[in-house]
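Close look at the chain arrangement
If you want the building blocks of each chain, they are given just below.
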Amino acid sequence: MKHISIKDVAKEAGVSTTTVSYVLNRKLSQTISAETTERILQAVRKLNYVPNLNARSLTSQRTNLIGVVIPQTEPGKEFMFANPFYGELLSTIEYTARRNGYHLLLSGPDPDQSYSQIARNRSVDGIIIVGSYPNRSITELHQLSVPVVLVDTYIKDPLFHTIGIDDREGGLLATRYLIERGHREIAFVSGSVSEQGVTQKRFMGYMDALNEAGLALNEKRLYLGTVSFDFAQSVAEEMQQRGNQETAAFATADILGMGLIKGMRRLGRRIPEDLSIVGFDDLDLACMSDPSLTTVHQDIAEKGRNAVQIILDAMEGHTEKQEHILPIRLVERESVRRI
């Protein structure tokens, strides 16, 4: 089968190869009529032309690769994909990148692995890091000449773009909602609470709500482990073993809230009659659980879209640092009762 080249497209459309290149690479600064553009696109479809990304990268000095790094902040080699949050985020990042002619390079480095080494080895055009903590690898990124976007990362650095939410406010909203419905014995179910991480901020919001209501922290009501469905199921048994009388729980991720529902049911307890639960994230699965999960909503898809767009803007010469704090809200469903 003959390999279709850009020259074949140009000949079919009756234009120069330069004009074809401008259209395919979306060079908006070039004035090309709508009629000419459509003729070129028709030729592309007719000939089944597939751009040679290797040749394009040699010409533009770009690889058309965006690196996405999700550090392994908790044990478990499959942790990245065990939490549906990452699936929803990555889906939007991949779709937005693909629509703009880019592909993803996904990495889940171990805590001692260098981010900058990943970027250099693969020659990415930009890098998105999700949920990292301050460490040496972040500092090493200063040496890179590509844009870096930090998602859900509480690191203040003038060289990095950031996207996130007010996680502390989210923890406050969730816990205050339970208190307003009469709950006083409220469990906190979470992954490890690490300094400058989202779970620490959500724990601070939990504390803010307790203090606001004049309630003292009871450390026996803190259940810390991993952000996983299995851990949350085990929390139900641990609650029983500790002999606590919690009437409600704030779970810092929806996957934890759904696991807790499952664990309680295994013990013959009802949700929300025996335990009210508020989650965090508003995953697609949250409204599918039984009962459906009351949760703190964040726009996961918008995080992904913004992350890719920031990199695209930077590659077009927009060097000003961008910082996006997206709004959150509480979504009421069926997992909380008033007492």
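Further up the page is the structure itself.
Looking at the overall build of the protein
Across its full length, the protein holds 13 helices and twelve strands. Considering only contacts in the protein between residues 6 or more positions apart, those separated by 24 or more positions represent 70%. Only carbon and sulfur atoms are counted for the fraction: they give 48% of the accessible area of the protein, which is about 16,900 Å².

Describing the pairing of strand β1 (residues 65-69)
Look at any regular strand and the pattern is simple: side chains alternate between the two faces of the sheet. Counting buried positions over the five residues of β1 gives four, a clear majority of the element. Pairing analysis gives five bridges linking β1 to strand β2 (residues 103-107), with the strands arranged parallel. Bridged to V69 within β2 is S107. Two strands pair when backbone bridges link them, and β1 and strand β3 (residues 126-130) are joined in this way by four bridges, in the parallel orientation. Paired with G67 across the bridge in β3 is I127.

Observations concerning the sheet that holds strand β7 (residues 222-225)
Strand order across the open sheet formed by six strands is β7-β6-β8-β9-β10-β12, with mixed pairing between neighbours. The open sheet terminates on both sides in strands that have one partner only, identified here as β7 and β12 (328-331). For this sheet, the mean inter-axis angle between neighbouring strands, taken without regard to orientation, is 15°. Against the sheet, helix α9 (residues 167-180) contacts β6 (186-191), β8 (248-251), β9 (276-281), β10 (294-298) and β12, and its axis sits at roughly 160° relative to β9.

Digging into unusual backbone geometry
A cis amide bond, omega 5°, links I271 with the succeeding residue P272. Mapped onto the elements, P272 comes out in the loop between α12 (254-266) and β9. Residues D290 and P291 are joined by a peptide bond in cis, for which omega reads 0°. Following the sequence through the fold, P291 ends up in the loop between β9 and β10. Not every positive phi belongs to a glycine, and N64 is a case in point at roughly 60°. Relative to the helices and strands, N64 is located in the loop between α4 (53-60) and β1. In this structure, D282 takes a positive phi of about 60° despite not being glycine. Position of D282 relative to the elements: it lies in the loop between β9 and β10. Taking relative accessible area as the criterion, D282 reaches 13% and is therefore assigned buried.

Notes on helix α3 (residues 34-47)
Every α-helix carries 3.6 residues per turn, so stepping three or four residues along brings you back to the same face. Under the 1.5 Å per step criterion, the end-to-end length of α3 is 20 Å for 14 residues, consistent within 8% with the ideal 20 Å. Within the span of α3, buried status applies to T36, I40, A43 and V44. Taken around the axis of α3, the buried residues stretch over an arc of 100°, which confines them to a single face. The outward face of α3, more than 90 degrees from its buried face, is lined by the exposed residues A34, E35, R45 and K46.

Some thoughts on the sheet that holds strand β11 (residues 323-326)
Reading across the sheet, the six strands line up as β2-β1-β3-β4-β5-β11 and stay open at both edges, with parallel pairing between neighbours. Edge positions in the sheet fall to β2 and β11, since each has one partner strand and no second. On average, each strand axis in the sheet is tilted by 15° relative to the strand beside it, whichever way the strands run. Where strand β4 (residues 148-151) and strand β5 (residues 161-165) come together, three bridges link them in parallel fashion.

Some points on the environment of H3
Tracing the chain through its elements places H3 in the segment before α1 (6-13). We classify H3 as exposed; its relative accessible area is 58%. A C-alpha to C-alpha distance of 10.0 Å links H3 and L47, two positions 44 residues apart in sequence.

Comments concerning helix α11 (residues 229-242)
For α11, spanning 14 residues, the distance from its first C-alpha to its last is 20 Å, which sits close to the expected 20 Å at 1.5 Å a residue. Listing the buried residues of α11 in full gives F231, A232, Q233, V235, A236 and M239. Residues of α11 that are buried in the fold lie against β6, β7, β8 and α12. Backbone geometry just after α11 places G243 at a positive phi near 70°.

Things to note about the pattern of salt bridges
In total, this model carries 16 salt bridges according to the counting rule given. D167 is the salt-bridge partner of R202, the closest N and O atoms lying 2.8 Å from each other. Note that R202 is positioned in helix α10 (residues 198-212) and D167 in helix α9, a separation of 35 residues in sequence. The exposure class of D167 is buried, given its relative accessible area of 1%. Within the structure, one salt-bridge network assembled from shared partners comprises E180, R181 and E332.

Reading the values: the criteria
Residues numbered from 1 in each chain as written. Predicted model: local features only at pLDDT ≥ 70, side-chain atom pairs only at ≥ 80, totals over all residues. Heavy atoms only, no water. Helix = DSSP H or I, 4+ residues; strand = E, 2+ residues; numbered from the N terminus. Contact = heavy atoms within 4.5 Å. Areas by Shrake-Rupley, 256 points an atom, 1.4 Å probe, with all protein chains shown as cover. Buried < 20%, exposed > 50% of the residue type's maximum accessible area, 1.4 Å probe, protein only. Pairing = 2+ DSSP bridges. Axes fitted to C-alpha atoms, helices over the stretch in contact; angles between N-to-C directions. Expected span 1.5 Å × (residues − 1). Arc of directions from axis to C-beta. Salt bridge = Lys/Arg side-chain N within 4 Å of Asp/Glu carboxyl O.

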